[in-house]
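A structural walkthrough
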Amino acid sequence: MVLAGSNGSGKTTLLRIAAGLYKPSRGKIEVYGLDPQRERLECRRALSMISHQAYLYDRLTAIETLRIWARLLDRPSADSDLMPLLASVGLERRPRLQVAGFSAGMRKRLTLLRTRLEQPRLLLLDEPFSALDVEGKRQVEDWIRDAREAGAAVIMASHAILRVSRLCDRAVLLERGQIVWRGDGEGLARRLGEQA
Amino acid sequence: MTRRIFGVRTLGLLGLGLLLVGSYFGLFVAPAERYMGQVQRIMYVHVPCAWIAMVCYTAAFVFAVIGLWNGKPRWDARTTGAIEVGAVLNALLLVQGSIWARATWGVWWDWDVRLTTSLVMLLLFAGVLALRSFVDDSDRRATWTAVATIVAFVDVPLVYFCVRWWRSLHQTQSTPETVSPAMVLPLRLNAIAILLIAIWLIAQRAKLERERLRKEQVDEPARVTAGLEVTDA
Amino acid sequence: MNVIRQALVLVGKDMLLEWRGRSRFISVLLFGVVTLLLFSFAVGPDSVALRAAAAGFLVLALLLSSTLSLSESFRLEQEERALEGLVLLPVDPVALFYGKAIGNTLFLLLLAPIFTPVALVLYSVELGAMKILTLVGLWALAAAGLSAPGTLYAAMTSRLRSQDVLLPLLLFPLVVPVLMGSVKAMALVLGGDPLEQLRSWTVLLGGFAVIYWSLCGLLFPYAIEEGG
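Here goes a summary of the coordinates provided. Keep in mind it's a predicted model, so treat the numbers as computed, not measured.

**A look at the overall build of chain B**
A tally of regular secondary structure across chain B gives 6 helices and 0 strands. Ordered by position from the N terminus, the helices and strands of chain B form the series α-α-α-α-α-α. Within chain B, the proportion of its 233 residues that are buried is 44%. Surface summary for chain B: the accessible area is close to 12,200 Å², and the carbon and sulfur share equals 66%.

Listed below in structure tokens is the structure:
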């Protein structure tokens, strides 16, 4: 499902409430029957969030970052397990380079690997296509399709309407915190094309 | 609501009245202490201030724990009120203790165990109030106030024992414990009086805090209403 | 156990980052040495007075250095909102606390091998090996006592504007027992312990550490969640 809407319409807020980072001032939210505020850890085990912040440490290398994530998640953390992951996004070539020297696109790709490790049931994506070149955007599209195939649900907030309309079953348009329209991906492209 | 405040105001007035009565007894009726004379009469406010300051801080601790547990904003308002009133009493007792020390030992400060502990206590809780003033988000402010209050309160007995051991290596002069029966009445009267005034002040402060909070929340930006249902693809 | 494992991974992460940014450790070290020097200038070249105050100066240097290291320990997490990333993984907030607190304690402990000899030399104190070991043990207890509430407060104040003033303001009155206990205990090690009081002060330090390591671990989740 895609959340569309202008800046400030509430897309990011909604995603962050689902992740338990914001407390809703009114109403209730349930993620797989869990309350993100009361059952934080269980909720977060089921989901993975990608947002504007990269959540990276400048002085670590890519492999070190992955290793720490893998160990924290109790997943296999040997180099033989992690190198293929790095290779899949093209980050295996400069093993000694610290994150501080990464381009924005490289940071994004490393962050996406985190969700690969987390293997969530629910993906919350806030502008997943930003800061990526054409190849990177294509990779993210493929990756979202793979995730859906594996059975995960995806909620994505994005401005990239055309690209997203191909990917999504459902779409919701937000304005100032309210839902003003629901439909599917094509309908969204049409509606926003009409309004342009 | 107004009825409750009216009830508390009665307590406040009662407290003021009792304070006058108790002070009359303390200043004019009770006998002068054998060695210290008239100056000793400052005890009639000093000791009750100390007792009720501790009561206020303990109340703040209890409110903080309840507030963390159930997250309702009125407990933060009560915690704040209790800390502020406690801090005022704390400051008063330090001044009174200092005056007493000057009159008795000739020095403004003599590292008396309880007075030194009170000074640290005041700094601890003043710090909590300072922390509050830097946090804009009301939820976070409430949570952090509660956390800091609990941490500060647990420290008080530790500081007391520490200072006591530290002092026990040197001389042990401190305020006299033995009180003759004629002195007990004004002490108790004043203690109850100050307690009632404190309750009244805390209730007022809590009400003020809740109103401030209400005004803050009116200005908050739009919230998201979601009727969304997402199931696995 | 999940929490312990996560805490140890986090300690490793912090140690690696500290090593990568070791110029900061060296700066804190130099800061401490400068304060030790300033204390002796404040008293004057009176070796008797200096020797009597040596323990106090050493502990004060530790305390002042700790505010630097504690506030720094969360600044790294603020840069890319890395803390939020950890919390979302999910990392148990309790593991986060103990990981940070252990890391902070180790950092302060690493200052001991430099601060102690400098103090002993500047303040004309002679000590045998056994006593030096006792001193280091007391240093460890003091570092532990400072780190638990320090980590909790650093986490809170790192999100605020006046962090550099708030952290000491909150921490210093709180750690008065640690200050007094470690000064008294170290003074007994340096100057002799005719009344066998060292044990009671050590128990006080240990008690403070135990109480605050438990309490702050319980309260830490409240310090890092909520809000934006």
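**What about the interface of chain A and chain C?**
Counting from both sides, the interface comprises 32 residues of chain A and, opposite them, 30 residues of chain C. Of the roughly 2,800 Å² buried where chain A meets chain C, counting both sides, 58% is carbon and sulfur surface. At the junction of chain A with chain C, the criterion picks out 3 salt bridges. On inspection of chain A and its partner chain C, the count reaches 9 residue pairs in polar contact (both at pLDDT 80 or more). Broken down by secondary-structure element, the contributors of at least two residues to the side of chain A that touches chain C are α2 (40-46), α3 (62-72) and α5 (104-118) of chain A.

**Some remarks on the pairing of strand β4 (residues 153-157) of chain A**
Residue and element names in this part refer to chain A. By the criterion of burial, β4 is predominantly enclosed, with 5 of the 5 residues buried. Here β4 shows no split at all, with Ala-153, Ile-155 and Ala-157 on one side and Val-154 and Met-156 on the other all buried. The handedness of the strand β3 (residues 122-126) to β4 crossover, carried by helix α6 (residues 134-149), is right-handed.

**Remarks on the pairing of β3 of chain A**
All names here are of chain A. The buried count for β3 comes to 5 of 5 residues, which makes it a mostly enclosed element. On β3, burial covers both faces: Leu-122, Leu-124 and Asp-126 on one face and Leu-123 and Leu-125 on the other are all buried. One ladder, built from 4 bridges, connects strand β2 (residues 47-50) with β3; its direction is parallel. Opposite Ile-50, over in β3, you have Leu-125 as the bridge partner. Pairing geometry for β3 and β4, over 5 bridges, is parallel. When the sheet's bridge partners are listed, Leu-123 is paired in β4 with Val-154.

**Some words on the side chain of Glu-118 of chain A**
Along the chain, the position of Glu-118 of chain A falls in helix α5. Residue class for Glu-118 of chain A comes out buried when judged on its relative accessible area of 3%. In this view, Glu-118 of chain A contacts Leu-47, Ser-48, Leu-73 and Arg-75 of chain A together with Leu-88 and Leu-89 of chain C; residues no more than four positions away in its chain are not counted.

**Some thoughts on the nonpolar core**
Membership of the largest hydrophobic core comes to 148 residues, with the highest contact counts inside it found for Leu-66 and Leu-110 of chain A, Phe-125 and Val-151 of chain B together with Tyr-123, Tyr-153 and Tyr-212 of chain C. Not counting residues up to four positions away in its chain, the partners in contact with Leu-66 of chain A are Leu-82, Leu-85, Leu-86, Leu-110, Leu-113 and Leu-117 of chain A. Membership of the second largest hydrophobic core comes to 23 residues, among which are Ile-50, Leu-112, Leu-123 and Val-154 of chain A.

**Description of the environment of Val-21 of chain B**
Within the secondary structure layout, Val-21 of chain B lies in helix α1 (residues 2-29). Overall, Val-21 of chain B belongs to the partly exposed group, its relative accessible area being 37%.

**Side note on the side chain of Thr-145 of chain B**
Checked against the element boundaries, Thr-145 of chain B lands in helix α5 (residues 138-168). Look past the residues within four positions of Thr-145 of chain B in its chain and what remains in contact with it is Asp-76, Val-128 and Arg-132 of chain B.

**Here's the deal with the environment of Asp-169 of chain A**
All names here are of chain A. Within the element layout of this structure, Asp-169 appears in the loop between α7 (161-167) and β5 (171-175). Considering only alpha carbons, one finds Asp-169 and Glu-186, 17 residues apart in sequence, at a separation of 8.8 Å. Not counting chain neighbours up to four residues away, the residues in contact with Asp-169 comprise Arg-148, Gly-183, Asp-184 and Gly-185. Within polar-contact distance, the side chain of Asp-169 engages the side chain of Arg-148 at 3.3 Å.

**Topic: helix α2 (residues 22-43) of chain C**
Residues and elements named next belong to chain C. Compared with an ideal rise of 1.5 Å per residue, which puts 22 residues at 32 Å, α2 spans 32 Å between its outermost C-alpha atoms and is within 8% of the ideal. Where α2 is concerned, the buried positions are Arg-24, Phe-25, Val-28, Leu-29, Gly-32, Thr-35, Leu-36, Phe-39 and Ser-40. Against α1 (2-20), α3 (47-79) and α5 (93-122) lie the buried residues of α2. Note on α2: the residue one or two positions beyond its end, Gly-44, has a positive phi of about 105°.

**Focus on the pattern of salt bridges**
Applying the stated criterion across every chain yields a total of 25 salt bridges over all chains. Here Glu-209 of chain B and Arg-212 of chain B are joined by a salt bridge, their closest N and O atoms 3.4 Å apart. Linking Glu-209 of chain B with Arg-212 of chain B, this pair stays in helix α6 (residues 181-218), spanning 3 residues, or about one helical turn. Since its relative accessible area comes to 43%, Arg-212 of chain B is described here as partly exposed. Among the salt bridges present, the one from Asp-14 of chain C reaches Lys-13 of chain C, with a minimum N-O distance of 3.2 Å. Looking at Lys-13 of chain C, the relative accessible area reads 2%, which means it is buried. A cluster of three or more residues bridged by salt bridges with shared partners is formed by Asp-76, Glu-84, Arg-132, Arg-205, Glu-209 and Arg-212 of chain B.

**Looking at empty space enclosed by the protein**
All names here are of chain C. Overall, the coordinates contain 7 cavities of 30 Å³ or more when judged by the stated rule. Each pocket or cavity is described by its volume, and for the largest cavity that value is around 140 Å³. Forming the boundary of the largest cavity are 13 residues, of which Asp-14, Glu-18, Arg-24, Ser-73 and Asn-104 lie nearest the centre. Of all the elements in the fold, those that place two or more residues in the lining of the largest cavity are α1, α3 and α5.

**Some remarks on the packing of aromatic side chains**
In the structure shown here, the tally under the stated rule is 18 aromatic pairs over all chains. Residues Tyr-160 of chain B and Phe-161 of chain B carry aromatic rings whose centres are separated by 5.7 Å and whose planes lie at 65° to one another, so their mutual orientation is edge-to-face. Residue Tyr-160 of chain B is classed as partly exposed on the basis of its relative accessible area of 26%. When the ring of Phe-25 of chain C is compared with that of Phe-107 of chain C, the centres are 5.1 Å apart and the planes differ by 80°; the resulting orientation is edge-to-face. Here the residue Phe-25 of chain C occupies a position in helix α2, and Phe-107 of chain C occupies one in helix α5, the gap between them amounting to 82 residues. For the residue pair Phe-25 of chain C and Phe-107 of chain C, the accessibility class agrees, reading buried in each case. Ring pairs connect the aromatic residues Phe-74, Phe-97, Tyr-98, Trp-213 and Phe-220 of chain C, which therefore count as one cluster. Of note, Arg-16 of chain A hangs over the ring of Tyr-22 of chain A, and the distance from its end group to the ring centre comes to 4.9 Å. In this structure, Lys-100 of chain C packs its charged tip against the face of Phe-74 of chain C, placed 5.4 Å from the ring centre.

**Focus on the packing of α2 of chain C against α3 of chain C**
All names here are of chain C. Remark: α2 packs on α3, axes separated minimally by 9 Å, with the N-to-C direction vectors making an angle of 150°. With respect to α3, the element α2 is oriented roughly antiparallel. Of the two possible hands of crossing, α2 and α3 adopt the one that is right-handed. Residues Arg-24, Val-28, Phe-31, Gly-32, Thr-35, Leu-36, Phe-39, Ser-40 and Val-43 of α2 form the contact with α3, whose participating residues are Ala-49, Leu-50, Phe-57, Leu-58, Leu-60, Ala-61, Leu-64, Ser-65, Leu-68, Ser-69 and Glu-72. In the contact of α2 with α3, the residues fall into 13 nonpolar, 5 polar and 2 charged.

What counts, and where the lines are drawn
One numbering rule holds for all chains: residues counted from 1, following each sequence as written. All chains are assigned letters beginning at A, and all ligands numbers beginning at 1, according to the order in which they are written. A pLDDT threshold of at least 70 governs which residues receive local features in this predicted model, and a stricter bar of 80 or more applies before side-chain atom pairs are shown or counted, although totals over entire chains, interfaces and linings include all residues. Side-chain measures here rest on the full set of heavy atoms in the structure, leaving out hydrogens and waters. Strands are runs of DSSP state E lasting at least two residues, helices are runs of H or I lasting at least four, and both sets are numbered from the N terminus onward. Buried residues are those whose accessible area, probed at 1.4 Å on protein chains only, stays under 20% of the maximum for their type, while exposed residues exceed 50% and partly exposed ones sit between those limits. A 1.4 Å probe and the Shrake-Rupley method give the accessible areas. Residues count as covered only by the protein chains that appear here. Residues are treated as being in contact if the distance between any of their heavy atoms lies within 4.5 Å. As a working definition, buried area equals the accessible area (1.4 Å probe) given up by two parts on being put together, with both sides summed. When a carboxyl oxygen of Asp or Glu lies within 4 Å of a side-chain nitrogen of Lys or Arg, that pair is called a salt bridge. Whenever a nitrogen or oxygen atom comes within 3.5 Å of another N or O atom, the pair is scored as a polar contact, on the condition that within protein one atom can donate a hydrogen and the other can accept it, and that pairs from neighbouring residues in sequence are kept only if both atoms are in side chains. The path from the first strand over the helix to the second decides the hand: if it runs clockwise while the strands point away from the viewer, the crossover is right-handed. Two strands pair under a simple rule: DSSP has to find at least two bridges between them. Here, nonpolar core refers to any group of buried Ala, Val, Leu, Ile, Met, Phe, Trp, Tyr and Cys residues whose side-chain atoms link them within 4.5 Å. Here a helix's expected span is defined as the number of its residues, less one, multiplied by 1.5 Å. Cavity means a closed set of points on a 1 Å grid over the protein atoms alone, one where a 1.4 Å probe fits but cannot get out, pocket means an open set with protein on both sides within 12 Å along at least 5 of 7 lines, and lining means a residue has an atom within 4 Å of a point. Grid points are joined across faces, edges and corners, and a volume is the space filled by probe spheres set on the points. The criterion for an aromatic pair is that two Phe, Tyr or Trp rings (for Trp, the six-membered ring) have centres within 6.5 Å, with stacked assigned to planes under 30 degrees apart, edge-to-face to planes over 60 apart and tilted to the rest. Here, over-ring charges are defined by two tests on the NZ atom of lysine or the CZ atom of arginine: distance to the ring centre within 6 Å, and angle to the ring normal within 35 degrees. What counts as an axis is a line fitted to C-alpha atoms, over the stretch in contact for a helix, and the angles between N-to-C directions run from 0 to 180 degrees. Oblique is the label for every angle not falling under 35 degrees (roughly parallel), over 145 degrees (roughly antiparallel), or within 65 to 115 degrees (roughly perpendicular). What makes a crossing left-handed is the near helix being turned counterclockwise from the far one by less than a right angle; a clockwise turn instead makes it right-handed. For this scheme, ten residues count as nonpolar: Ala, Val, Leu, Ile, Met, Phe, Trp, Tyr, Cys and Pro. Four count as charged, namely Asp, Glu, Lys and Arg, and the remainder, Gly too, count as polar.

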